[in-house]
Amino acid sequence: MTDSVRALRQALREASAIVALTGAGISRESGIPTFRGANGLWRNYAPEKLATPEAFDRDPRLVWEWYDWRRSLILKAQPNPGHLALAEIERHVSTEGAGKRRFTLLTQNVDGLHDRAGSHNIIKLHGDIWQVRCTGCGRQERNDRLAVEYYGQLPPRCRCGALLRPGVVWFGEPLPQDEWQRALNAAGSAEVFLAIGTSAVVYPAAGLAEGAWARGAKVAVVNPEPTPLDEMDTWVLRAPSGEVLPKLT
Ligand code: BV8
Ligand code: ZN
């Protein structure tokens, strides 16, 4: 075990407030392509071009085919040791701390793998691929099947006649107010902030690490590649999250 892993493991045992921010990289070892990594493209479209209100307005069927492709990958995927390790760290903190210690999981991912891994205190910053919302009456519902099977057609329509859209935050859309406020509070009082599997280029989520660091938190980055967060870090663990996170439990 490297010195950084040993030191971070010790810091996690002592900290009263721990925040983990995860990105697409933590789901990579479950077989889900990352947003900006290799083979993240689908029919040669870059995700940033499809995850926008403009793309949905222009071609709702194409955007829904992309989301159903991602739903099909996630349905075949299992949480990996990285997801499971974060759920275990949360259990340690909540049982040992007798209420005085807190672990908050902030995720940019919409795949639901943290829920399936057993994490509880999850703040979904960019929504949930299994949620849909009506663009007309605002009705929301959850279903964990392919939309084309569940609704029988793409794009799916609400009984009010309007289009249903994925319950995720697209580029150019604001993050859900309540989740964002809770994430700011958690990051603002974190003693240890873990940035796991994120390229830290999407704002405002990427700014949470800087905010925590500015308030004196120790920042640990878990990523096989360099990220813009590296210069502020106390620890950089240059490894896949599925390998290194289990060593922290
Ligand atoms: C907002 C949900 C304001 C959908 C996502 C110009 C025009 C318009 C907007 C902007 C602009 N310039 C800046 C902006 C703001 C924009 C932004 O930041 N753009 C970036 C690209 C420059 N942000 C927004 O638009 C946000 N909203 O600003 O609203 C506003 C305010 C009020 C009123 C109106 C508007 C909304 C951003 C949310 C977009 N939605 N997802 C969906 O999933 O379909 S973002 C998308 O990117 C995913 O959520 C993804 O998680 C997220 C971040 O990417 P990462 O998770 O970091 O993934 P990535 O592929 O980049 O990196 C993976 C990393 O993992 C890599 O570093 C890799 O090395 C590493 N890795 C690989 N394998 C492993 C690993 N790590 C560990 N282990 C491994 N095994
Ligand atoms: Zn409706």
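Residues numbered from 1 in each chain as written. Chains lettered and ligands numbered in written order. Predicted model: local features only at pLDDT ≥ 70, side-chain atom pairs only at ≥ 80, totals over all residues. Heavy atoms only, no water.

Colleague: Would you take a moment to explain the coordination of the zinc ion (ligand 2) for this structure?
Modeller: Six octahedral donors around a metal ideally make angles of 90 or 180 degrees; four tetrahedral donors ideally make 109.5 degrees. With distances of 2.2 to 2.4 Å, the protein atoms coordinating the zinc ion (ligand 2) are Cys134 (SG), Cys137 (SG), Cys158 (SG) and Cys160 (SG). Taken together, the 4 donor atoms coordinating the zinc ion (ligand 2) span angles of 99 to 123° at the metal, a pattern that classifies the geometry as tetrahedral. All donors of the zinc ion (ligand 2) come from a single chain, and their spacing in sequence reads C-x2-C-x20-C-x1-C. Placement of the pair is Cys134 in strand β4 (residues 127-134) and Cys160 in the loop between α7 (147-151) and β6 (164-168), with a sequence separation of 26 residues. Since its relative accessible area comes to 5%, Cys134 is described here as buried. By relative accessible area, Cys160 is classed as partly exposed at 45%. (Donors = N, O, S within 2.8 Å, 3.2 Å for Na, K, Ca; no water. Tetrahedral: all angles 85-135°; square planar, octahedral: opposite > 155°, others 65-115°. Helix = DSSP H or I, 4+ residues; strand = E, 2+ residues; numbered from the N terminus. Buried < 20%, exposed > 50% of the residue type's maximum accessible area, 1.4 Å probe, protein only.)

Colleague: I would appreciate a short explanation of the side chain of Ser30 in the present structure.
Modeller: Following the sequence through the fold, Ser30 ends up in the loop between β1 (17-22) and α2 (47-50). In this structure Ser30 comes out as buried when scored by relative accessible area, which is 13%. Not counting residues within four places of it along the chain, the set of residues in contact with Ser30 comprises Ala77, Gln78, Pro79, Asn80, His83 and Leu113. (Contact = heavy atoms within 4.5 Å.)

Colleague: Help me understand the site of ligand 1 in this model?
Modeller: Close contacts around ligand 1 come from 34 residues, with Arg36, Tyr67, Arg70, Gly172 and Ser199 the closest. Here Ala24 contributes a backbone N or O atom positioned 2.7 Å from an oxygen atom of ligand 1. For ligand 1, whose unbound accessible area comes to 1,500 Å², protein coverage reaches 72%. Per-element accounting of the shell around ligand 1 gives the leading share, 3 residues, to helix α4 (residues 60-76). (Near = heavy atom within 4 Å. Polar contact = N/O pair within 3.5 Å; in protein donor to acceptor, adjacent residues only side chain to side chain. Areas by Shrake-Rupley, 256 points an atom, 1.4 Å probe, with all protein chains shown as cover.)

Colleague: Help me understand the packing of aromatic side chains in this model?
Modeller: Given two aromatic rings, one states the distance between the centres and the angle between the planes to describe the pair. Counting across every chain of the model gives 7 aromatic pairs. When the ring of Phe35 is compared with that of Trp66, the centres are 6.5 Å apart and the planes differ by 70°; the resulting orientation is edge-to-face. In this pair, Phe35 sits in the loop between β1 and α2 while Trp66 sits in helix α4, placing the two residues 31 residues apart along the sequence. Accessibility expressed as a relative area gives 2% for Trp66, which makes it buried. Pairing Tyr150 with Tyr151 gives two aromatic rings, centres 4.9 Å apart and planes at 75°, and the pair type is edge-to-face. (Phe/Tyr/Trp six-rings, centres within 6.5 Å; stacked < 30°, edge-to-face > 60°.)

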